[in-house]
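Next come the chains, spelled out residue by residue.
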Amino acid sequence: MDLLFKNVTTYSKKVYDTFSKFHRKKFALRYHLYTFVIFVFFLLSILSVIKSLNYTLIILLCISLAIFLLWRFFRPIEEVRKYYQDDKSIKETTYIFLFYDNHFKVYNKKEYSVFKYKDIYRIYETKHFFYLYTDRIHAFLLDKTNFKKGSSLEFKNFLMKKCLFKYKS
């Protein structure tokens, strides 16, 4: 089990903000499109029920639509508020990433985890970072300039082979 790549990235407020901007830009259209489609579905449902003059169902659908819109618009605001109150977003933490042929390890002073490449949800490459998403929201952030073993180009080629359909640049 030979170490193929080693990356040491310090997560700071600036790094988190960069990732946050990338994430919002990448997924905002999809989020708004889902909201629009569900809104139109509710609206069409309300219009079709109006023809039948079922006032109870009309009221229930209007209440459901209002709850959906409130949830859809205020939940992201609450997530951002929580993010900026979280200690992780303020304190600098250094993460060490060790990549092997079948898995990779992530650790810092307090935590240690092992992941298989099949556990990666999606990989995005930007000018300065690799973002290894573990689900639709959370990602590991690897600074391209901080490879201690291997290079960012070799790492990119390695990831493209290991996670072919998950890699996006």
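Residues numbered from 1 in each chain as written. Predicted model: local features only at pLDDT ≥ 70, side-chain atom pairs only at ≥ 80, totals over all residues. Heavy atoms only, no water.

A. Quick peek at the sheet that holds strand 5 (residues 122-125). With respect to topology, four strands assemble into an open sheet ordered 7-6-5-9, the strand pairing being mixed. Each of the sheet's edge strands pairs with one partner strand only, and the pair in question is strand 7 (139-143) and strand 9 (167-168). Two strands pair when backbone bridges link them, and strand 5 and strand 6 (residues 129-133) are joined in this way by four bridges, in the antiparallel orientation. Note that in strand 6 the partner of Ile123 across the bridge is Leu132. Each of strand 5, strand 6 and strand 7 is contacted by helix 1 (residues 13-52), which is oriented at about 65 degrees to strand 6, the strand it contacts most. In this fold helix 3 (residues 152-162) packs onto strand 5, strand 6, strand 7 and strand 9, with an angle of close to 25 degrees to the strand it touches most, strand 6. (Pairing = 2+ DSSP bridges. Helix = DSSP H or I, 4+ residues; strand = E, 2+ residues; numbered from the N terminus. Contact = heavy atoms within 4.5 Å. Axes fitted to C-alpha atoms, helices over the stretch in contact; angles between N-to-C directions.)

B. Main features of the pairing of strand 3 (residues 103-107). The buried fraction of strand 3 is high, at four of five residues. Relative to strand 3, strand 2 (residues 93-99) runs antiparallel, the two sharing four bridges. Opposite Phe97, over in strand 3, you have Val106 as the bridge partner. In sequence, strand 2 turns back onto strand 3 through a hairpin of three residues. Where strand 3 folds back on strand 4 (residues 112-116), the antiparallel hairpin that results is connected by four residues. (Buried < 20%, exposed > 50% of the residue type's maximum accessible area, 1.4 Å probe, protein only.)

C. Structural context of the nonpolar core. Counting 31 residues, the largest nonpolar core has Phe99, Leu132 and Leu142 as the members making the most contacts within it. Contributions of two or more residues to this core are made by strand 1 (5-11), helix 1, strand 2, strand 3, strand 5, strand 6, strand 7 and helix 3. Contact partners of Phe99, with chain neighbours within four places excluded, come to Asp2, Leu3, Leu4, Phe5, Phe104, Tyr117, Leu132, Leu142 and Phe155. With seven residues, the next largest nonpolar core counts Phe42, Ile58, Leu61 and Phe68 among its residues. (Core = buried A, V, L, I, M, F, W, Y, C linked by side-chain atoms within 4.5 Å.)

Note that all results are geometric; they support no functional claim without further evidence.
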